[in-house]
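Structural description and commentary
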Amino acid sequence: MSPPLNSDINFINALKSGDTSAYNKLVNDYHQKLCVYALNLTHDRSEAEDIVQNVFMRVWRKRDKLKANFSIQSFLYKSVYNEFIDHYRKQKNVFPLEKKYLDALHHLVEETDVVSFDNLIKKVKQEIQNLPPKCKNVFLLSKQEGLTNIEIAEYLNISIKTVEAQITKAFYILRTKINKKKDSNLFLYFSILKLKRVLLF
């Protein structure tokens, strides 16, 4: 008789032994949650489902390497994020500076609690929406639409200095509102902002 699958240790041991019922339970318990998380990253349902499917397949293929004394939920969420980063690198032309921040995020997520990381993204999104209207408009044209400062100035019929001032103001407000204590979290926060649409929009 198989041991009850009511703890991470028993659950992972069952997976390691090739128990298909454990794998089916893994998919049933986490597929929808992981798809929602992946969709929040990719904004593409088909791409999100592919990422999650790849994660499940990798877990099954490498089940013998799973460690019994870790959180399966945390492992799955981080695996989805890592798969997203790999997929993004293959699909997009990544500029050197953007690659630097992607690599930094990849490293930091490995060391960051999944819930804390997800909450940070939500907090940044929320505070962007709370920016003063003019400041928010300029910031979104820059970070969401990818317009240059010159293009924004021409589009809004304002000076380039005004555009720069509004973006600087936006960063200052966001940094103040987020107000993370640890340097790593501050760097993560700035990394998220610099990735523009990848995570935020």
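Counting starts from 1 at the beginning of each chain's written sequence and moves along it residue by residue. Under the rules for a predicted model, residues below a pLDDT of 70 receive no local features and side-chain atom pairs below 80 are neither given nor counted, while totals for whole chains, interfaces and linings still include all residues. Hydrogens and water molecules were not included; the side-chain quantities draw on all heavy atoms of the structure.

**Description of the overall build of the chain**
A helix here means a DSSP run of H or I that spans at least four residues, while a strand means a run of E at least two residues long, and both kinds are numbered starting from the N terminus. Looking only at helices and strands, the chain features ten helices and zero strands. Reading the helices (α) and strands (β) of the chain from amino to carboxyl end gives α-α-α-α-α-α-α-α-α-α. Counting contacts in the chain only where the partners sit at least 6 residues apart, residues at least 24 apart contribute 66% of the total. Here the chain displays about 11700 Å² of accessible surface, and carbon together with sulfur accounts for 50% of that area. What makes two residues a contact is simply this: any of their non-hydrogen atoms within 4.5 Å. In short, Shrake-Rupley with a 1.4 Å probe defines the accessible areas, and a residue's cover is counted only from the protein chains shown.

**Some remarks on the nonpolar core**
Ranked by internal contacts, the top residues of the largest apolar core, which has 27 residues, are Leu15, Leu26, Tyr30, Leu34, Phe56, Leu76 and Val80. When contributions to this core are tallied by element, the ones reaching two or more residues are helix H1 (8-16), helix H2 (20-42), helix H3 (45-61) and helix H4 (72-91). In terms of residues, this core owes the most to one element, H2, which gives nine residues. Each residue touching Tyr30, except ones within four places of it in the same chain, is listed here: Phe56, Ile72, Gln73 and Leu76. Side-chain atoms within 4.5 Å are what join buried Ala, Val, Leu, Ile, Met, Phe, Trp, Tyr and Cys residues into a set we call a nonpolar core. For every residue, the accessible area obtained with a 1.4 Å probe (protein chains only) is divided by the maximum for its type, and the residue is called buried under 20%, exposed over 50%, and partly exposed between those limits. Ile128, Val163, Phe171 and Leu174 belong to the second largest nonpolar core, which has 18 residues in total.

**Focus on the packing of aromatic side chains**
Only Phe, Tyr and Trp rings take part, Trp by its six-membered ring, and two of them pair if their centres are within 6.5 Å. Stacked means planes under 30 degrees apart, edge-to-face means over 60, and tilted covers everything else. Applying the stated criterion to the full structure yields four aromatic pairs. On the numbers, 5.0 Å between centres and 50° between planes, the contact of Tyr23 with Trp60 is tilted. Pair noted here: Tyr23 is in helix H2 and Trp60 is in helix H3, with a separation of 37 residues, a long-range link. Looking at Tyr23, the relative accessible area reads 19%, which means it is buried. The class for Trp60 is partly exposed, based on a relative accessible area of 23%. Between Phe139 and Phe171 the ring centres are 5.6 Å apart and the planes differ by 75°, which places this aromatic pair in the edge-to-face class.

**Comments concerning the packing of H2 against H3**
The axes used here are C-alpha line fits, helices contributing only the stretch in contact, and every angle between their N-to-C directions lies in the interval 0 to 180 degrees. At a minimum axis distance of 8 Å, the contact between H2 and H3 shows a crossing angle of 145°. Crossing hand, H2 versus H3: right-handed. The residues of H3 that touch H2, namely those facing Thr20, Tyr23, Leu26, Val27, Tyr30, His31, Leu34, Cys35, Ala38, Leu39 and Thr42, are Arg45, Glu47, Ala48, Glu49, Ile51, Val52, Phe56, Met57, Val59 and Trp60. What makes a crossing left-handed is the near helix being turned counterclockwise from the far one by less than a right angle; a clockwise turn instead makes it right-handed.

**With respect to the confidence of the model for the chain**
Predictor confidence is given residue by residue as pLDDT, running from a minimum of 0 to a maximum of 100. Residues at a pLDDT of 70 or more form 70% of the chain, whose mean pLDDT is 76. Of all helices and strands in the chain, the one with the weakest mean pLDDT is helix H10 (residues 183-194) (52), whereas helix H8 (residues 149-156) scores best (92). Low pLDDT, under 50, characterises residues 1-6; the stretch is placed with eight contacts to residues that sit more than four places away or in other chains.

**Notes on the packing of helix H7 (residues 133-143) against H8**
The geometry of H7 relative to H8 is characterised by a closest axis approach of 10 Å and an angle of 135° between their N-to-C directions. As far as their axial angle goes, H8 and H7 are oblique. Crossing angle aside, the handedness with which H7 passes H8 is right-handed. From H7, Asn137, Val138, Leu141 and Ser142 reach across to H8, where they touch Ile152, Tyr155 and Leu156. Tallied by class, the residues present in the contact of H7 with H8 amount to five nonpolar, two polar and no charged. In these notes the angle categories are as follows: under 35 degrees is roughly parallel, over 145 is roughly antiparallel, 65 to 115 is roughly perpendicular, and the rest is oblique. Here the term charged refers only to Asp, Glu, Lys and Arg, the term nonpolar to Ala, Val, Leu, Ile, Met, Phe, Trp, Tyr, Cys and Pro, and the term polar to all other amino acids, Gly among them.

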